[in-house]
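Analysis of the macromolecular model
Residues per chain, in single letters:
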Amino acid sequence: MSLAANLNEYYERLAFDQEQGSSGAFLSGWQCDNPYLDEFIKAVHTRSLGIDRRRYLYFDEDDNLANGVLQLHFGLDGVAPQSVLFGAGSTPLIFTFATHLHKLGVKRVLYVPPVYFTLLNALERYAIRVEPVSLKQPFEQDFELNLPVETGCVLILSDPVWYTGTSIPHSVIAQIKQWQMDTQSYVFVDGSLQYLPWAGQRNEATSTLDPALTFRLVCPTKQLCSHGYRFAYILLPTDQYRSMAWTYANISGPATAESIAFAQEAISILPAGKVQRQLMSLVANRHRTLRTQGIISSAIEPSCGYFVFEKVLRRLPADHTEIDGRYFEQVNFPGYVKVNLLSPSIRLLLEAASALPSTDISSGVI
């Protein structure tokens with residue numbers, strides 16, 4: 001069984017066969033509670049009322065939206081992307097990229113493990129072979145890249161390593177950048193959970209990769225934990241834009257009025273970063289409390305995002321679902337599971353921390 005088929009089987013069972021899998025509200029799941037979004041959601045709703053729902057709607061009709069994203073990334077990273085392709089969430093953009101590679105005649109893709117199963121699944125549907133360029137994952141000790149010397153390759157990677165909350169080290173990105181320049185190879189970055197540091201700057205190392213050879217997926221709905229809306233985008237080379245846009249249009253079609261309104265409102269608040277900072281402060285405080293109180297333990301030190309990979313040292317309900325290393329090509333951390341620090345089920349751990357009053361938990365104050 002291929003890697004993609006193996007991971008796909010795990011996630012399919014999780015979604016359909018396990019009681020909590022379909023809701024996503026379990027401790028390892030994908031649903032998030034963001035207590036800082038009320039005013040933002042009201043603003044999105046108000047903006048959506050002025051959008052004509054009688055016509056087809058497209059993100060790229062709004063020049064201000066595209067200019068806003070390009071200016072956002074120049075401000076965050078100091079690097080001007082060449083172009084931006086919008087989509088109704090990360091998934092249709094991932095399938096668009098895989099289809100684009102198929103159109104280009106690509107037969108093999110290199111990857112830095114782990115890569116989210118949706119991307120591997122999309123590549124397998126076009127019989128595109130995937131080959132790892134490392135035996136370990138970037139947060140592990142003795143991690144090394146084994147990049148080929150041939151020209152014109154395609155490399156995919158996820159930064160951060162989402163399930164551990166760790167960014168790929170700058171030194172590794174610098175090595176990939178040099179290889180990209182030497183071989184004139186494309187690099188695809190799944191950066192869906194970028195720009196969520198627990199402290200410090202929000203610029204991302206992958207922004208230093210060659211804009212003429214780099215596809216970088218960014219997802220504001222994940223940054224704001226507002227998953228009921230669908231909006232993401234790929235920063236990409238200008239000479240690849242038209243083909244990718246046409247491919248996307250034939251995969252996903254137009255957008256909804258609510259997603260258009262979300263995109264416009266999100267781009268107006270993302271530069272300030274207030275909601276993201278509030279959310280990451282809450283996440284970091286929760287993580288520190290759970291570690292200090294002996295509720296969770298890990299050899300990994302997370303620094304971004306809202307997922308961590310830990311041993312849970314308190315008994316959970318017998319029927320509670322947990323996602324372990326099998327879901328991430330990870331065999332070196334037995335007993336570890338992914339923990340979503342914004343999960344609706346995080347109370348199972350927070351209430352076990354004896355020093356934390358329930359009133360503080362419910363208010364989001366740690």
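For the structure itself, consult the block above.
Figured I'd write up the structure that's included with this text. (Residues numbered from 1 in each chain as written. Predicted model: local features only at pLDDT ≥ 70, side-chain atom pairs only at ≥ 80, totals over all residues. Heavy atoms only, no water.)

Time to look at the overall build of the protein chain. Assigned secondary structure in the protein chain consists of 12 helices and 10 strands. Radius of gyration (C-alpha) of the protein chain: 20 Å, near the 21 Å computed for a compact globule of 366 residues. Each principal axis of the C-alpha atoms in the protein chain carries an extent, and together these give about 55 × 50 × 40 Å. Looking at the protein chain as a whole, 54% of its 366 residues are labelled buried. Contacts in the protein chain between residues far apart in sequence, at least 24 positions, make up 73% of those at least 6 positions apart. For the protein chain, the accessible surface area stands at approximately 16,300 Å², while carbon and sulfur atoms represent 50% of it. For the protein chain, the distance from the average position of its 29 positive side-chain charges to the average position of its 35 negative side-chain charges is 2 Å. (Helix = DSSP H or I, 4+ residues; strand = E, 2+ residues; numbered from the N terminus. Rg over C-alpha atoms; globule rule 2.2 N^0.38 Å. Buried < 20%, exposed > 50% of the residue type's maximum accessible area, 1.4 Å probe, protein only. Contact = heavy atoms within 4.5 Å. Areas by Shrake-Rupley, 256 points an atom, 1.4 Å probe, with all protein chains shown as cover. Lys, Arg positive; Asp, Glu negative; His and termini not counted. Charge placed at Lys NZ, Arg CZ, Asp CG, Glu CD.)

A separate point is the packing of helix α2 (residues 38-48) against helix α9 (residues 257-269). It is at 8 Å that the axes of α2 and α9 come closest, and there the two elements cross at 125°. On the basis of their axis angle, the class for α2 and α9 is oblique. Crossing hand, α2 versus α9: right-handed. Mapping the contact onto sequence places F40, A43, V44, R47 and S48 in α2 and A257, E258, A261, F262, Q264, E265, A266 and I269 in α9. (Axes fitted to C-alpha atoms, helices over the stretch in contact; angles between N-to-C directions. Parallel < 35°, antiparallel > 145°, perpendicular 65-115°, else oblique. Left-handed = near helix turned anticlockwise from the far one by under 90°.)

One finds I156, Y306, V339 and L349 to be the most contacted residues of the largest nonpolar core, which totals 71 residues. In terms of residue count, the dominant contributor to this core is helix α10 (residues 274-292) (six residues). Core analysis: the second largest hydrophobic core is formed by 29 residues, L72, Y233, A261 and A266 among them. (Core = buried A, V, L, I, M, F, W, Y, C linked by side-chain atoms within 4.5 Å.)

Right, let's talk about the sheet that holds strand β10 (residues 337-340) for a bit. On the basis of which strands lie adjacent, the open sheet formed by three strands has the order β8-β9-β10 and antiparallel pairing. Every other strand in the sheet has two partners, leaving β8 (296-297) and β10 as the edge strands with one partner each. Here two bridges tie β8 to strand β9 (residues 307-312), and the two strands are oriented antiparallel to one another. Looking at the pairing, I296 lines up with V312 of β9. (Pairing = 2+ DSSP bridges.)

With respect to the helices, strands and loops of the structure, H100 is situated in helix α4 (residues 90-103). Residue classification places H100 among the buried residues on the basis of a relative accessible area of 1%. Those residues within four positions of H100 in sequence are excluded, and the remaining contacts are Q240, S243 and M244.

Should their charged atoms come close, side chains of opposite charge can pair. Under the counting rule described, the total for this entry stands at 14 salt bridges. Between E39 and K42 there is a salt bridge; the shortest N-O distance is 3.6 Å. A residue pair is termed a helical-turn pair when its members lie 3 or 4 positions apart in one helix, as E39 and K42 do in helix α2 at three residues. Take E39: its relative accessible area is 58%, and that puts it in the exposed class. Linking R347 and E351 is a salt bridge whose minimum nitrogen-to-oxygen distance equals 2.6 Å. Its relative accessible area of 34% is what places R347 among the partly exposed residues. Overall, the relative accessible area of 44% leaves E351 in the partly exposed class. Put simply, R108, R129, E131 and E150 are held in one network by salt bridges that share partners. (Salt bridge = Lys/Arg side-chain N within 4 Å of Asp/Glu carboxyl O.)

Moving on, we come to helix α8 (residues 238-251). Spanning 14 residues, α8 covers 20 Å between terminal C-alpha atoms, matching the ideal 20 Å at 1.5 Å per step. Looking at α8, one finds that the buried residues are Q240, M244, A245, T247 and Y248. As for α8, its buried residues are in contact with β1 (83-87), α4, β5 (186-191), β6 (214-218) and β7 (232-236). Taken from the residues just after α8, G253 is the one with a positive phi, measuring 75°. (Expected span 1.5 Å × (residues − 1).)

Everything listed here is a matter of geometry and, on its own, says nothing about what the molecule does.
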